[in-house]
Amino acid sequence: MLTVFSIIFGAMVGSFLNVCIFRLPKEESIIIPGSHCPHCHHPIKFYDNIPLISYLVLGGRCRYCKKSISVQYPLVEGITAISSLCLFLRYGLLWSYLFYFSFVAALIVIAVIDLYHQIIPDVISIPGIGVGLLGALLIPHITFRNSLIGMLLGGGSLFIVATLYQWLFKREGMGGGDVKLLAMIGAFLGWEAVLLTILLSSLIGSITGIMMMVLKGKDFKYAIPFGPFLSLGAAIALFYQKEIIFWYFQFRG
Ligand SMILES: [Zn+2]
């Protein structure tokens, strides 16, 4: 019963994250006005605003203007719902669940906004650092010391990389947003997971970059936003850190 509830709760949070993704970059209120179609601005009735289900019932189109609704909406709702379920199954209905679920929710919003707008909103990353540090005092899975070191290591290492890059290439490769994001990741996950996050996101980012260069057949003047890779790396570190480290040491014999 609670398992079903965790999925429904996750989908509802996902629906709210979509609102944040759409409105935060425009600096609009995330509370009022209620949901409306981005094309015809017609207010969306509650029965057309049911996460995942409404998208399927309406066939991915607005009821009023029939323009297609971005697949981002059901995707974000689905990913948030699955994350909620996985974290609930791992931690039960405890503070740890809320702690890590709020972390994943923040990563989802940051990744999608960075993908569209190449910015990482401070209104999420900076309070996120605070929540990570405070949460470490409450939950048994991470010590405050580890959270603090993780934050400093995450923010510090990326700050050095960003400064060096700017100094070498005379253009901004990584923004301050990425620095604050990795500081937030460190505060939530600790120093080991921050190192794993850097490794994974650089790896996935490089592979994607090379693939895009091959497909587009030219050098990339415009840096691909790094936030989505950092978020993905952090999510993998959160769910599979133990398995990856175990596999690595087994692999080395
Ligand atoms: Zn419409």
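Before any of the text, the structure's been laid out above.
Nothing here was measured: the structure is a model prediction, and the numbers come from that model.

### Observations concerning the nonpolar core
In terms of nonpolar packing, the biggest core is built from 53 residues, with Leu87, Tyr100, Phe103, Met184, Ile185, Leu189 and Leu238 touching the most fellow members. Sorting the residues of this core by element identifies helix H1 (2-23), helix H3 (72-91), helix H4 (95-117), helix H5 (122-138), helix H6 (144-169), helix H7 (176-189), helix H8 (191-216) and helix H9 (227-251) as the ones contributing at least two each. With 14 residues, the single largest contributor to this core is H4.

### A short note on the packing of H5 against H7
Running from amino to carboxyl end, H5 crosses H7 at an angle of 25 degrees, the nearest separation of the two axes being 8 Å. If you check the angle between H5 and H7, you find them roughly parallel. Considering the relative orientation of H5 and H7, their crossing is left-handed. Across the interface between the two elements, Asp122, Ile124, Ser125, Ile126, Gly128, Ile129, Val131, Gly132 and Leu133 of H5 pack against Lys180, Leu181, Ala183, Met184, Ala187 and Phe188 of H7. Its residues placed into classes, the contact of H5 with H7 shows ten nonpolar, three polar and two charged.

### A word on H8
Here H8 spans 37 Å end to end across 26 residues, near enough to the 38 Å set by a 1.5 Å rise per residue. Of the positions making up H8, those classed as buried are Ala193, Val194, Leu196, Thr197, Leu200, Ser201, Gly205 and Gly209. Looking at the buried residues of H8, the elements they touch are H6, H7 and H9.

### Structural notes on the coordination of the zinc ion
Six octahedrally arranged donors around a metal ideally form angles of 90 or 180 degrees; four tetrahedrally arranged donors ideally form angles of 109.5 degrees. Surrounding the zinc ion are the protein donor atoms Cys37 (SG), Cys40 (SG), Cys62 (SG) and Cys65 (SG), at 2.2 to 2.3 Å. Around the zinc ion sit four donor atoms; with metal-centred angles ranging over 105 to 116 degrees, the donor geometry is tetrahedral. Positions of the donor residues of the zinc ion, expressed as sequence spacing, correspond to C-x2-C-x21-C-x2-C.

### Re the pattern of salt bridges
Where charged atoms from two side chains of opposite charge approach closely, those side chains can pair. Evaluated as defined, the whole model comprises two salt bridges. When the shortest N-O distance is used, the salt bridge between Asp48 and Arg63 registers 2.6 Å. Of this pair, Asp48 sits in the loop between H1 and helix H2 (53-57) while Arg63 sits in the loop between H2 and H3, and the two are 15 residues apart along the sequence. Exposure remark for Asp48: the relative accessible area of 11% places this residue in the buried category. Salt-bridge contacts for Lys180 lead to Asp122; the nearest nitrogen and oxygen are separated by 2.9 Å. Of this pair, Lys180 sits in helix H7 while Asp122 sits in helix H5, and the two are 58 residues apart along the sequence. We classify Asp122 as partly exposed; its relative accessible area is 35%.

### Observations regarding the packing of aromatic side chains
This model, assessed by the stated rule, comprises ten aromatic pairs. Ring centres of Phe88 and Tyr97 lie 6.3 Å apart, and the angle between their planes is 90 degrees; this geometry places the pair in the edge-to-face category. The two residues Phe88 and Tyr97 agree in class, both being buried. Centre to centre, the rings of Tyr97 and Phe101 are 5.6 Å apart; their planes meet at 10 degrees, and the pair counts as stacked. With Tyr97 and Phe101 both in helix H4, this residue pair falls four residues apart, about one helical turn. For the pair Tyr97 and Phe101, a shared accessibility class is recorded, and that class is buried.

### Topic: unusual backbone geometry
Of note, Glu27 is a non-glycine position whose phi angle comes to about 55 degrees, a positive value. Here Glu27 shows up in the loop between H1 and H2.

### Some thoughts on the packing of H1 against H3
H3 packs onto H1 with a crossing angle of 140 degrees between their chain directions and a minimal axis gap of 7 Å. The pairing of H1 with H3 is recorded here as oblique in orientation. Considering the relative orientation of H1 and H3, their crossing is right-handed. Here the residues of the contact of H1 with H3 sort into 14 nonpolar, nine polar and one charged.

What counts and how
Residues numbered from 1 in each chain as written. Predicted model: local features only at pLDDT ≥ 70, side-chain atom pairs only at ≥ 80, totals over all residues. Heavy atoms only, no water. Core = buried A, V, L, I, M, F, W, Y, C linked by side-chain atoms within 4.5 Å. Buried < 20%, exposed > 50% of the residue type's maximum accessible area, 1.4 Å probe, protein only. Helix = DSSP H or I, 4+ residues; strand = E, 2+ residues; numbered from the N terminus. Axes fitted to C-alpha atoms, helices over the stretch in contact; angles between N-to-C directions. Parallel < 35°, antiparallel > 145°, perpendicular 65-115°, else oblique. Left-handed = near helix turned anticlockwise from the far one by under 90°. Contact = heavy atoms within 4.5 Å. Nonpolar A, V, L, I, M, F, W, Y, C, P; charged D, E, K, R; others polar. Expected span 1.5 Å × (residues − 1). Donors = N, O, S within 2.8 Å, 3.2 Å for Na, K, Ca; no water. Tetrahedral: all angles 85-135°; square planar, octahedral: opposite > 155°, others 65-115°. Salt bridge = Lys/Arg side-chain N within 4 Å of Asp/Glu carboxyl O. Phe/Tyr/Trp six-rings, centres within 6.5 Å; stacked < 30°, edge-to-face > 60°.

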